[in-house]
Structure formats: structure tokens, C-alpha cells
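Take a look at the letters that make up each chain.
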Amino acid sequence: MPSATADPTAVNSRGRVIVASLIGTSIEFYDFYVYATAAVLVFPALFFPNDSPAAAQLSSFVTFGLAFLARPVGSVLFGHFGDRVGRKTTLVASLLVMGIATFLIGVLPTFDAIGIAAPALLAVLRFTQGIGLGGEWSGAALLATENAPRARRAIYGTFPQLGAPIGFILANSLFLVLSLTVDDAAFAAWGWRVPFLLSAVLVIVGLYVRLRLVETPAFRRTLETGTRVRVPLGSVLRSSWPQLIRGTFIMVATYVLFYFMTTFTLTFGTAAHTVEAGAAAAQAAGKPFNPATFQIGLGYLRNDFLVMLIVGVVFFGVFTPIAGVLADRFGRRPMLLVTTALIALFGLSFQPWFGSSAGAPVATTAFLAVGLALMGLTFGPMGALLPELFPTNVRYTGSAIAYNVASILGASIAPIVAVLLWDRDGSILKVGLYLTGAAVVTFVALLLTRETRDVDLVEAAVAEAAAAP
């Protein structure tokens, strides 16, 4: 592999930057929905058949959550090499780790074939996925922003962010096709493997593009000036811990909103609208029904709600680049302060709007569209803002840790908290208030953060070298 300094004048084309930064996050979110759906529909029976239905479902969710625990490990591991070896090499490695683990899940034997080794291997592969994902986003964001013109850095930073709506649409569209063409028995036998195996196509495309990259100008300047640090994690914790804390809390409302708008809304939207309907559905599925713990939802069929959700995610995709344009025009901080205030207000609308929209698909779709448009507006600028908070020689490590620790605080517990706050009578008022509270935390973190729009990343690397002891 050629060194980063082999041709100091080489640059990456805009198209190559777009595809290379977009492909990894597309796989990340595609994988999230593929695994989440399989964890609900088939993994309990295929990998935990000796447990009770409730215990099997819980065990399946535990493997799902392992990726969130692994992501900070991946952020430290890949962040180290991203700041020491380079963005390009590390991005190739993270994609390989993530892609191989995802593909192997698609060919993994079930409990009936290899016994207890099946769930053990599933857990190992899920943890490995999380390690790869922990290093993926930050590298993709740095690839985009460190190759961008200063005046357009936020719009470039939305390239990796667009992977979220693209991955969501790909995964859920595929499951819609499978649900319409394959019966339940076939899906349990082999259909669930198809989405995991197809991810290999995205990985191959991503590897092809990333192997043709040259190193970013900012990192090349770090190499030229000899300002790489031996242990980036130690340097971040010693010198950049305020940015690390602020960056983490800046992302919290984004994560809570995303997982509320996708995971929780799907759960609430497809839960039976009456206790009688819930009992009938449980009886038809051969599952126990406990009216004391049953929670009333909107009662939509899963496929119908997925269509509404996909429509909403289109707004997510549209507003993500719009957010980049606004952040370049007005600044990251003011743009995100306004968006976060709107998210806080949106949280107050959960019960009167979404919680009362049973039998009103237009109102339900409108709620999803508004919430996911806000998601685009808050998520879009993060690809520029988080990297801009950190010095060049620890930028990969710092932005990766902030992004992935925020995923634990915001994403991993959000669906659980939502279910706990969801009242048995169908009220989701407290769920919305939780989102509002998360938005307040993020708003305060933004108030304590300086504006970064006018920072020149290459000049900053030179200044950091001059200031180094």
C-alpha cells in the first residue's frame, strides 16, 4: 500500500470521497435494522430454543446490545491507528472487520446444528461487528471533512450521515419484499440470512473505492510536521477531555431521537390497540398473554407501518444535506441550537399527536416525517462538528469516542427507557418528556461549545505543530 506521502499533491475526487465516506455508514445502519429485525423475529427460536419465549427474546436482545458495548472499544482501537497510521488504512480495516462479521452471521449454523456454540458464536460476531462500527463513523467523517473546502465542510460532512437513511430504506425495503414473497417457515429456514449475505456487495464496493483513496491533506500535514502522538487516547484524555465531554452530550439528543423515531415508534405503532386484540394476537401466535403488563399501542399492521416509516425516512434523507448547507451558511452552533430547541418541543407532542393517531395513517405519517426531518437537521452537521472539536493528531480518536459513548448514553438505553415509560393505557407522554430532557442536555452542551465553522483544518495542523513542545 503506498504511503501517505508518496505523492503530496494527490487529491481525492469529490465522487470518490462521497462513495467512500457514505458506504460504511450505509452498511452500519443497514446492519442495525437487519440484526434488530432478526433479533425479534427469528433469533430467539433459532439460537435460544431451550429458553422460555420471554427469556429467549431477552437473550436475543442481549446479543443485539453487545454491539453498543463494543463500539467504544472499536473507537479506541481504530482511533489509535487512524491517528497514528492514517485515515485511509484504518477505514479499510474497519470495513473489513464489520463486513466479515456481518457475512459470517449470515452463514452461522443454528442451535439445532451445533448446540450452545451457536449463540456463543452469534455473540462473538455481534461484538466484532460493534468493534468495526466503533471505528467506522469517525474515519468516514474525517475522510469527508478533511478533504472538503473550508466553506463547504459541513455539507461534505453530511456524506457519511446519509448512510443512516439509506441503510434504513435498504434494510426495511428488503424485509418488506421478503415478507411479501416468503412465508414464515421459509423466512425462518433461510430468508433471514439473505440480508446479511447481501451486505457483502456493499462491503466489496466500499473496499474497492477506499483502496483507491489517498491520505487526507490534514493528516499528511501531521506526518510532515512530525506531530503524531504515540498514544492518542492518552493525549485526548489529558488535553482534550472538555471537548470529549461536550461532544458526547452534543450527540445525546440525536441518538435518543433516532431510536425513538425508528425502534420505539415501530413497537408502539404495531402494538394492539386494545387488550382484547392483544390477547387474540397472542393466542394466534401461540404465546402467553399477560393483561397486567400489556401495553396498548396504535394497532397498525407491521408492513403498513413500515411503509409509513420509510416515507418518514425519506424526509430524514432530504433534510440531512439541507442541514449541511445551513451549518455552512449560519454556523454549526446556531443551527444546532435552533434544531435542538425544536426537538425539545417535538417531545411534548408525542402523546397529543402520535399517541392519539390510531386509525389515522396520515397523522401518523406526518408525525414520523416531522420527527425524522428533525433527525436529519440534527444529525447532518455532526459529521463536521465533532471532528472539528479536536486537534488533528487526535481527531480520529476524540470524535470516535464522543460519537460512540453517546451511543451508549442515548441509543442503547433509549428503547428500554421508552418501554418502561410507556403506560399500560397507551399514554406515551413520559416517553416524549424523556426526549425533551435529552434535548435540554444537548442544548446546554452546545451553549458551552465554541463555533468551529471558520477553522481551516490544514492551517490548524500547522499551528498545532508550531505550538508543540
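Residues numbered from 1 in each chain as written. Predicted model: local features only at pLDDT ≥ 70, side-chain atom pairs only at ≥ 80, totals over all residues. Heavy atoms only, no water.

**Focus on a nonpolar patch on the surface**
Taken together, the side chains of Val307, Val311, Val314, Phe315, Val318, Ile322, Leu326 and Phe330 define a hydrophobic patch exposed on the protein surface, amounting to about 620 Å² of accessible area. Along the chain, Ile322 falls in helix H15 (residues 302-330). On the basis of relative accessible area, Ile322 is assigned to the partly exposed category, the value being 33%. (Patch = residues over 30% accessible without salt bridge, like charges linked within 9 Å, V, L, I, M, F, W, Y side chains within 5 Å. Areas by Shrake-Rupley, 256 points an atom, 1.4 Å probe, with all protein chains shown as cover. Salt bridge = Lys/Arg side-chain N within 4 Å of Asp/Glu carboxyl O. Helix = DSSP H or I, 4+ residues; strand = E, 2+ residues; numbered from the N terminus. Buried < 20%, exposed > 50% of the residue type's maximum accessible area, 1.4 Å probe, protein only.)

**Quick word on empty space enclosed by the protein**
Within the structure shown, the criterion is met by two cavities of 30 Å³ or more. For the largest cavity, the full set of lining residues is Glu28, Phe29, Asp31, Phe32, Ala67, Phe68, Arg71, Arg126, Leu133 and Tyr259. Contributing elements (two or more residues each) for the lining of the largest cavity: helix H1 (14-41), helix H3 (53-84) and helix H6 (117-145). By residue class, the composition of the lining of the largest cavity is six nonpolar, no polar and four charged. Looking at the second largest cavity, the residues that line it are Phe29, Ala164, Thr254, Tyr255, Phe258, Tyr259, Met375, Phe379 and Tyr403. Broken down by secondary-structure element, the contributors of at least two residues to the lining of the second largest cavity are helix H13 (241-270) and helix H18 (361-379). When grouped by side-chain class, the residues that make up the lining of the second largest cavity number eight nonpolar, one polar and no charged. (1 Å grid on protein atoms, 1.4 Å probe; cavity = no way out; pocket = protein on both sides within 12 Å on 5 of 7 lines; lining within 4 Å. Points joined across faces, edges and corners; volume = space filled by probe spheres on them. Nonpolar A, V, L, I, M, F, W, Y, C, P; charged D, E, K, R; others polar.)

**Some words on the pattern of salt bridges**
Under the criterion given, the structure shown has eleven salt bridges. Across the pair Arg153 and Glu388 runs a salt bridge whose closest N-O atoms are separated by 2.6 Å. Note that Arg153 is positioned in helix H7 (residues 153-161) and Glu388 in helix H19 (residues 382-388), a separation of 235 residues in sequence. Close ionic contact of Asp328 with Arg332 constitutes a salt bridge, the shortest N to O distance being 3.2 Å. There is no split in this pair, since Asp328 and Arg332 are both buried. What you see here is one network of salt bridges that share partners, running through Asp83, Arg87, Glu146 and Arg395.

**A few points about the nonpolar core**
Residues Phe43, Phe47, Trp192, Phe260 and Phe350 are the most contacted members of the largest nonpolar core, which totals 100 residues. In terms of residue count, the dominant contributor to this core is H13 (15 residues). The residues that make up this core include at least three from each of domain 1 (12-215) and domain 2 (236-277 + 290-468). For Trp192, the residues in contact, after removing those within four places along its chain, are Val42, Phe43, Leu46, Phe47, Ile105, Leu108 and Phe187. In this structure, Ala70, Phe78, Ile131 and Val209 belong to the second largest nonpolar core, which totals eleven residues. (Core = buried A, V, L, I, M, F, W, Y, C linked by side-chain atoms within 4.5 Å. Domains from an automatic or database assignment. Contact = heavy atoms within 4.5 Å.)

**Notes on the environment of Ser138**
Note on placement: Ser138 falls in helix H6. Of the residues examined, Ser138 reaches a relative accessible area of 1% and is grouped as buried. Sequence separation of Ser138 and Pro361 is 223 residues, and the distance between their C-alpha atoms is 37 Å. With residues near it in sequence (within four places) discarded, Ser138 still touches Arg395, Tyr396, Ser399 and Ala400. Here the side chain of Ser138 touches Tyr396 through a polar contact of 3.0 Å, landing on its backbone oxygen. (Polar contact = N/O pair within 3.5 Å; in protein donor to acceptor, adjacent residues only side chain to side chain.)

**Comments concerning the domain arrangement of the protein**
For the protein, the assigned domains are domain 1 (12-215) and domain 2 (236-277 + 290-468). The straight-line distance from the C-alpha centre of domain 1 to that of domain 2 is 20 Å. Between domain 1 and domain 2, the contact holds 47 residues from the first and 51 residues from the second. Seen at the junction of domain 1 and domain 2, the total is two salt bridges. Our count for the contact surface shared by domain 1 and domain 2 stands at 22 residue pairs in polar contact (both at pLDDT 80 or more). Of all the secondary structure elements, the ones that give two or more residues to the side of domain 1 that touches domain 2 are H1, H3, helix H4 (87-106), H6, H7 and helix H8 (163-181). Per-element accounting of the side of domain 1 that touches domain 2 gives the leading share, ten residues, to H3. Here the residues of the side of domain 1 that touches domain 2 are counted per class, giving 22 nonpolar, 17 polar and eight charged.

**Some remarks on helix H16 (residues 332-347)**
Between its terminal C-alpha atoms H16 stretches 22 Å, which fits the 22 Å expected from 16 residues at 1.5 Å a residue. Every buried residue of H16 is accounted for by Arg332, Met335, Leu336, Leu337, Thr339, Thr340, Ile343, Ala344, Phe346 and Gly347. (Expected span 1.5 Å × (residues − 1).)

**Details of the packing of aromatic side chains**
All told, the structure shown has 35 aromatic pairs when counted by the stated rule. With 5.2 Å between their ring centres and 75 degrees between their planes, Tyr35 and Phe43 make a pair best called edge-to-face. Each of the two residues, Tyr35 as well as Phe43, counts as buried. Sitting over the face of the ring of Tyr35, Arg126 holds its NZ or CZ atom 4.2 Å from the ring centroid. (Phe/Tyr/Trp six-rings, centres within 6.5 Å; stacked < 30°, edge-to-face > 60°. Lys NZ or Arg CZ within 6 Å of the ring centre and 35° of its normal.)

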